[in-house]
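Each chain, written out:
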Amino acid sequence: MSAVLLFHVDDAGRWPNLLANVRNAQTVAPERSLRVIANGQAPVSLWAKGHWRREIEERISAGVRVDFCENSLHNLGLDPDDRPAGSQLVPAGIIAIADAQGVGALYIKP
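The numbers attached to residues start from 1 for each chain and follow its sequence in the written order. In view of the model being predicted, local features appear only for residues whose pLDDT reaches at least 70, and side-chain atom pairs are presented and counted only at 80 or more, with totals across whole chains, interfaces and linings using the full set of residues. Hydrogen atoms and water are omitted, and side-chain values are computed over all heavy atoms in the structure.

### Things to note about the packing of helix H1 (residues 15-28) against helix H3 (residues 51-61)
A pair of packed helices is characterised by two quantities: the angle between their axes and the separation of those axes.
For step 1, the next point in the chain: Geometry is summarised by axes, namely lines fitted to C-alpha atoms with helices restricted to the contacting stretch, and by angles between N-to-C directions that run from 0 to 180 degrees. The helix count covers DSSP runs of H or I at least four residues long, the strand count covers runs of E at least two residues long, and both are numbered beginning at the N terminus. Following both chains from N to C, one finds H1 and H3 inclined at 25 degrees, their axes separated by 11 Å at the closest point. Classified by the angle their axes make, H1 and H3 are roughly parallel. The hand of the H1/H3 crossing is left-handed. For the pair H1 and H3, contact is made by Trp-15, Pro-16, Leu-18, Leu-19, Val-22, Arg-23 and Gln-26 and by Trp-52, Glu-55, Ile-56 and Arg-59, respectively.
For step 2, the next point in the chain: Grouping the constituent residues of the contact of H1 with H3 by class yields seven nonpolar, one polar and three charged. When an angle is under 35 degrees it counts as roughly parallel; over 145 it counts as roughly antiparallel; between 65 and 115 it counts as roughly perpendicular; any other value is oblique. Handedness of a crossing is defined here by the sense of rotation of the near helix relative to the far one, left-handed for an anticlockwise turn of less than a right angle and right-handed for a clockwise turn. Every residue pair with non-hydrogen atoms within 4.5 Å of one another is taken to be in contact. In this count, Pro and Cys sit with the nonpolar residues alongside Ala, Val, Leu, Ile, Met, Phe, Trp and Tyr, while Asp, Glu, Lys and Arg are called charged and the others, Gly among them, polar.

Quick look at the structure:
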């Protein structure tokens, strides 16, 4: 079994690179587990309900796990219930990243 690819995004402007990486990984290795953890300023872009949000929801529908840091949402004043469909919440993104790496996930920062 291949290790999970763990994509970390903490900058609102990095979604295009992250989404390109995720699309490429899904195309080349469709059986590979992919996970995205978003913290810092990154969530802001997806609460706008534009193109990036629609695409991340498509990736979630295609099997990508997407987690948002509750601390970041709180700090940004974003309603956690308004997150992209199918995404999940983690209490602290940095802890979720460390825990995932601790069980063998491979960290990628697009």
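Text resumes after the structure shown.
### So, the nonpolar core
For step 1, the next point in the chain: The criterion is simple. A nonpolar core is a set of buried Ala, Val, Leu, Ile, Met, Phe, Trp, Tyr and Cys residues joined through side-chain atoms within 4.5 Å. Per-residue accessibility, obtained with a 1.4 Å probe over protein chains only, is compared with the maximum for each type, and a residue is labelled buried under 20%, exposed over 50%, and partly exposed between these values. One finds Phe-7, Trp-15, Leu-18, Val-36 and Phe-68 to be the most contacted residues of the largest nonpolar core, which totals 21 residues.
For step 2, the next point in the chain: Taken together, the elements giving at least two residues each to this core come down to strand S1 (5-9), H1, strand S2 (34-38), helix H2 (43-47), H3 and strand S3 (65-69).
For step 3, the next point in the chain: The leading source of residues in this core is H1, at five residues.
For step 4, the next point in the chain: Those residues within four positions of Phe-7 in sequence are excluded, and the remaining contacts are Leu-18, Asn-21, Val-22, Ala-25, Leu-34, Arg-35, Val-36, Ile-37, Ile-108 and Pro-110.

### Some words on the side chain of Asn-39
For step 1, the next point in the chain: With respect to the element layout, Asn-39 can be found in the loop between S2 and H2.
For step 2, the next point in the chain: Relative accessible area serves as the criterion here: at 12%, Asn-39 is assigned to the buried category.
For step 3, the next point in the chain: Here a polar contact is recorded for every N or O atom pair within 3.5 Å, except that within protein the pair must consist of a potential hydrogen donor and a potential acceptor, and residues adjacent in sequence are included only if both atoms are side-chain atoms. Within polar-contact distance, the side chain of Asn-39 engages the side chain of His-8 at 2.8 Å.
For step 4, the next point in the chain: Beyond its immediate chain neighbours, meaning those up to four positions away, Asn-39 contacts His-8, Val-9, Asp-10, Cys-69, Ser-72, Gly-93 and Ile-94.

### Focus on the pattern of salt bridges
Oppositely charged side chains can form a pair if their charged atoms are brought close together.
For step 1, the next point in the chain: A side-chain nitrogen of Lys or Arg and a carboxyl oxygen of Asp or Glu constitute a salt bridge if their distance falls within 4 Å. In this structure the tally under the stated criterion is six salt bridges.
For step 2, the next point in the chain: When the shortest N-O distance is used, the salt bridge between Lys-49 and Asp-82 registers 3.1 Å. Placement of Lys-49 in the loop between H2 and H3 and of Asp-82 in the loop between helix H4 (70-76) and strand S4 (88-90) is noted, with a sequence separation of 33 residues between them.
For step 3, the next point in the chain: A relative accessible area of 46% means that Lys-49 is categorised as partly exposed.
For step 4, the next point in the chain: The residue Arg-65 makes a salt bridge to Asp-67 at a minimum N-O spacing of 3.0 Å.
For step 5, the next point in the chain: For Asp-67, a relative accessible area of 0% corresponds to the buried category.

### Some words on the sheet that holds S3
For step 1, the next point in the chain: Spatial strand order, S4-S3-S2-S1-S5: five strands in an open sheet with parallel pairing. With one partner strand each, in any of the chains shown, S4 and strand S5 (106-108) form the two edges of the open sheet. Looking at each pair of strands side by side, their axes are set apart by 30 degrees on average, direction ignored.
For step 2, the next point in the chain: Relative to S3, S2 runs parallel, the two sharing four bridges. The residue of S3 that forms the bridge with Arg-35 is Arg-65.
For step 3, the next point in the chain: Relative to the sheet, helix H5 (residues 93-102) contacts S1, S2, S3, S4 and S5, its axis offset from that of S2 by approximately 155 degrees. Only strands that DSSP links by at least two bridges are regarded as paired with each other.

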